[in-house]
Amino acid sequence: MKIPFSVRRVAERLSREVVLRRRLPERFGALPLFVSPGASMIYWRGLRLSAFDDLYDFAERYVRPGHTVWDIGSNVGLFAFSAAVRAGASGRVLCLEPDLWSVRLLRRSARLNVGRTALVDVLPVACGESLSIDWLQVPERSRASSHLAGNLDGADRSITGGVRERHLAPVLSLDWIAGQFPTPDVLKIDVDGGELHVLRGGKALLRAKRPIILTEVYERNADAVTALLHDLRYDLFQYERGEAGKASVARATYNTLAIPRTA
């Protein structure tokens with residue numbers, strides 16, 4: 001039965017500060033995490049839903065023991081902690097998340113799982129082309145869609161129900177971070193329309209380290225992201241779930257897997 005929109009909106013407001021302890025799928029050791037329906041109402045239903053399979057399959061397929069993983073736009077950390085399980089004690093995971101409310105959940109989950117996974121560090125910043133300060137806008141509905149002010153257009157904002165709150169956030173480039181932290185073997189980007197800025201700010205890193213990348217790409221950025229990744233000698237694939245869902249594409253899609261060319 002479809003829930004009336006007005007009832008859903010009331011439930012969303014009442015759920016904003018609720019924190020739930022949920023477990024990842026068994027393939028990641030049923031690792032416990034702190035999540036909240038304030039980030040997305042789907043978390044009421046747990047973490048073992050098919051909606052998350054693209055992230056889980058990406059972690060399982062491409063993260064190896066000892067890997068360093070960067071999760072740009074970590075939200076509550078489903079991919080980050082799945083990757084931390086795969087990377088193991090010799091690996092490292094860096095969560096980059098500008099929403100301090102989500103950062104608190106990430107840090108609680110990291111403390112809860114000390115010694116069970118790779119070391120998980122949480123850096124409360126946004127990523128972009130260069131060092132700056134920008135407004136982080138938290139949507140009226142799902143905090144998972146928090147975004148820097150210039151990253152979403154009017155049509156995108158209407159989907160999120162407007163802006164609930166905003167605060168200033170530091171913005172770092174991937175290239176700058178690469179000078180301070182072990183560089184990634186695997187890179188996941190989910191920044192709600194800001195992916196082109198993130199990639200432009202990491203061109204030196206991508207040329208030197210050649211990480212495997214999974215990124216959301218908004219339609220208006222698809223041509224520019226395609227050109228940038230091709231210039232950096234990456235092959236592009238549409239990635240929905242596992243290897244069966246990986247299809248070579250000439251142009252970036254919403255879920256784009258970018259694999260560095262070996263020749």
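Provided above is the structure to which this section pertains.
Residues numbered from 1 in each chain as written. Predicted model: local features only at pLDDT ≥ 70, side-chain atom pairs only at ≥ 80, totals over all residues. Heavy atoms only, no water.

Caption draft 1: Representation of the pattern of salt bridges within the structure. Per the stated rule, a full pass over the model turns up 14 salt bridges. Residues Arg-27 and Asp-53 are paired through a salt bridge, measuring 3.6 Å at the closest nitrogen-oxygen approach. Here Asp-53 lies in helix 2 (residues 53-62) and Arg-27 lies in the loop between strand 1 (20-23) and strand 2 (32-35), a separation of 26 residues in the sequence. Under the relative-accessibility criterion, Asp-53 is labelled buried at 10%. Arg-143 is paired through a salt bridge with Asp-99; the nearest N and O atoms lie 2.9 Å apart. Of this pair, Arg-143 sits in the loop between strand 7 (132-139) and strand 8 (147-148) while Asp-99 sits in the loop between strand 4 (92-96) and helix 4 (100-112); the two residues are 44 residues apart in sequence, bridging distant segments of the chain. The same class applies to Arg-143 as to Asp-99, namely buried. One continuous salt-bridge network, built from bridges that share partners, spans Arg-27, Asp-53, Asp-57 and Glu-60. (Salt bridge = Lys/Arg side-chain N within 4 Å of Asp/Glu carboxyl O. Helix = DSSP H or I, 4+ residues; strand = E, 2+ residues; numbered from the N terminus. Buried < 20%, exposed > 50% of the residue type's maximum accessible area, 1.4 Å probe, protein only.)

Caption draft 2: Molecular detail of helix 3 (residues 78-87). The buried fraction of helix 3 is high, at eight of ten residues. Among the residues of helix 3, those classed as buried are Leu-78, Phe-79, Ala-80, Phe-81, Ser-82, Ala-83, Ala-84 and Ala-87. Just downstream of helix 3, Gly-88 is the residue with a positive phi angle, here 70°.

Caption draft 3: Spotlight on the environment of Gly-150. Inspection of the secondary structure assignment puts Gly-150 in the loop between strand 8 and helix 5 (154-159). For Gly-150, a relative accessible area of 65% corresponds to the exposed category. Measuring from C-alpha to C-alpha, the distance between Gly-150 and Gln-137 comes to 9.6 Å, with 13 residues separating the pair along the chain.

Caption draft 4: Summary view of the pairing of strand 4. The buried count for strand 4 comes to four of five residues, which makes it a mostly enclosed element. When strand 3 (residues 68-72) meets strand 4, the two strands line up parallel, connected through five bridges. Looking at strand 4, one finds that Trp-70 is bridged to Leu-94. As a crossover connection, the stretch from strand 3 through helix 3 into strand 4 is right-handed. Of the strand pairs in this sheet, strand 4 and strand 5 (residues 119-123) are connected by five bridges, and their pairing is parallel. Each bridged residue has a counterpart across the sheet, and for Leu-96 the counterpart in strand 5 is Leu-123. (Pairing = 2+ DSSP bridges. Right-handed = clockwise from strand over helix to strand, strands pointing away.)

Caption draft 5: A look at the sheet that holds strand 8. Judged by pairing direction, the sheet is mixed, and its four strands sit side by side in the order 6-9-7-8 without closing on themselves. Each edge of the open sheet is held by one strand with a lone partner, namely strand 6 (126-127) and strand 8.

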